[in-house]
Amino acid sequence: MIPIIVLAGVALGLFFGAFISKRRFGLLGLALTAGATLSTIWSYNAGLVVAATGVVPDGVITQAVAQSLVVLLPAILLLFHGYSYKGIVGRLVGAVLFTVLALAFLVEPLSYALPLDGSGGVVYSTIRQYKDIIISAGVILAVIDLFFTKPAHLAEKSKKKH
């Protein structure tokens with residue numbers, strides 16, 4: 001049950017962060033991809049930095065927190081800068097896509113820190129089973145979303161036609 005609560009809490013936080021910031025999924029999705037790539041390279045060093053702060057007890061949980069932070073950090077930074085959605089439907093869809101992609105990237109690091117038994121283990125194994133498909137589809141959709149993004153100065157020019 002604990003893994004379900006943790007995954008739901010993480011999902012709600014990610015969803016509301018993306019929804020409130022109105023940021024487009026394309027850039028956020030590619031930032032998650034960059035963070036996941038960096039986490040595979042920096043996992044040991046990031047764990048040492050997190051352990052040195054003393055906030056998280058040293059051990060497996062430190063590695064999980066460090067990897068999760070490295071995965072999410074580029075996307076969190078871009079929540080404050082970048083292109084945004086104008087309508088509510090785009091915001092909802094973008095936030096859902098961002099949340100699903102982020103959870104797919106976080107499945108591995110969170111598994112180190114969570115007890116995976118009972119119903120929580122079933123949910124985790126289901127997400128892990130489809131992780132590669134979710135990530136592949138998410139990255140493709142992020143790139144497609146970038147093609148629909150117009151810079152602000154071009155969007156203003158198209159509205160000012162005579």
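Computed from a predicted model, the values in this text were never measured in an experiment.

Our next topic: the overall build of the protein. Per the secondary structure count, the protein includes seven helices and zero strands. For the protein, the N- to C-terminal ordering of α and β elements is α-α-α-α-α-α-α. In the protein, which comprises 162 residues, the share counted as buried stands at 37%. Across the protein, contacts joining residues at least 24 apart in sequence account for 83% of those joining residues at least 6 apart. Roughly 9,500 Å² of accessible area belongs to the protein as shown, and the carbon and sulfur atoms make up 72% of that amount.

What follows concerns empty space enclosed by the protein. A full pass over the atoms with the stated rule returns two cavities of 30 Å³ or more. Looking at the largest cavity, the residues that line it are Leu7, Leu106, Val107, Leu110, Ser111, Leu114 and Tyr124. No other element matches the four residues that helix H4 (residues 88-113) contributes to the lining of the largest cavity. Among the residues making up the lining of the largest cavity, the classes are represented as six nonpolar, one polar and no charged. In this structure, the second largest cavity occupies an estimated 30 Å³ of space. Considering the residues around the second largest cavity, the lining is formed by Arg23, Arg24, Leu27, Leu28, Leu78, His81, Gly82 and Tyr83.

Ranked by internal contacts, the top residues of the largest apolar core, which has 28 residues, are Leu32, Phe98 and Phe105. Of all the secondary structure elements, the ones that give two or more residues to this core are helix H1 (2-21), helix H2 (25-53), helix H3 (60-78), H4 and helix H6 (131-147). Ranked by residues supplied to this core, first place goes to H4 with nine residues.

Helix length check: helix H5 (residues 118-129), at twelve residues, gives a terminal C-alpha distance of 17 Å against a target of 16 Å (1.5 Å per residue), a fit within 8%. For H5, every residue scored as buried is listed here: Gly120, Gly121 and Tyr124. The arc enclosing the buried residues of H5, seen along the axis, measures out at 95°, which places them on a common side. Those residues of H5 that are exposed and angled more than 90 degrees off the buried face are Val122 and Gln129. If you follow the buried residues of H5, they end up packed against H1 and H4.

Scanning the model with the defined rule gives three salt bridges in all. Salt-bridge contacts for Asp145 lead to Arg24; the nearest nitrogen and oxygen are separated by 2.7 Å. Residue Asp145 is located in helix H6, and its partner Arg24 is located in the loop between H1 and H2; the two are separated by 121 residues in the primary sequence. Since its relative accessible area comes to 15%, Arg24 is described here as buried. Lys131 is paired through a salt bridge with Glu108; the nearest N and O atoms lie 3.9 Å apart.

Tallied over the full model, the rule gives two aromatic pairs. Both rings, one in Phe15 and one in Phe16, keep their centres 5.4 Å apart while their planes meet at 75°; by these two values the pair is edge-to-face. For Phe15, a relative accessible area of 18% gives the class buried. A connected cluster of aromatic rings, assembled from ring pairs, spans Phe15, Phe16 and Phe19. Note that Arg91 overlies the ring of Phe19, its terminal NZ or CZ placed 4.1 Å from the centroid.

What counts and what doesn't
- Every residue gets a number counted from 1 within its own chain, in the order that chain's sequence is written.
- In view of the model being predicted, local features appear only for residues whose pLDDT reaches at least 70, and side-chain atom pairs are presented and counted only at 80 or more, with totals across whole chains, interfaces and linings using the full set of residues.
- Note: side-chain values were computed over all heavy atoms of the structure, leaving out hydrogens and water.
- Note on conventions: DSSP H or I runs of at least 4 residues are helices, E runs of at least 2 residues are strands, and numbering of each starts at the N terminus.
- For every residue, the accessible area (1.4 Å probe, protein chains only) is compared with the maximum for its type, and the residue is labelled buried under 20%, exposed over 50%, or partly exposed between those bounds.
- Note on contacts: a residue pair qualifies if any of its non-hydrogen atoms lie within 4.5 Å across the two residues.
- Where accessible areas are quoted, they stem from the Shrake-Rupley method and a 1.4 Å probe; at the residue level, only the protein chains shown are allowed to cover.
- Grid points spaced at 1 Å and placed over the protein atoms alone form the basis of the search, with a cavity being a set where a 1.4 Å probe fits but cannot get out and a pocket an open set showing protein on both sides within 12 Å along at least five of seven lines. Lining residues have an atom within 4 Å of a point.
- Grid points are joined across faces, edges and corners, and a volume is the space filled by probe spheres set on the points.
- Only Asp, Glu, Lys and Arg are considered charged, only Ala, Val, Leu, Ile, Met, Phe, Trp, Tyr, Cys and Pro nonpolar, and every remaining residue, Gly among them, polar.
- Among buried residues, those of type Ala, Val, Leu, Ile, Met, Phe, Trp, Tyr and Cys that are joined through side-chain atoms within 4.5 Å constitute a nonpolar core.
- A helix is expected to span 1.5 Å for every residue after the first.
- To be clear, the arc concerns the directions from the helix axis to the C-beta atoms.
- For this analysis, a salt bridge means a side-chain nitrogen from Lys or Arg found within 4 Å of a carboxyl oxygen belonging to Asp or Glu.
- We call Phe, Tyr and Trp rings a pair once their centres come within 6.5 Å, taking the six-membered ring for Trp, and we label the pair stacked below 30 degrees between planes, edge-to-face above 60, and tilted otherwise.
- Placement of a charge over a ring requires the Lys NZ or Arg CZ to be within 6 Å of the ring centre, with the centre-to-atom vector within 35 degrees of the ring normal.

Distances and angles like these do not, on their own, reveal function.
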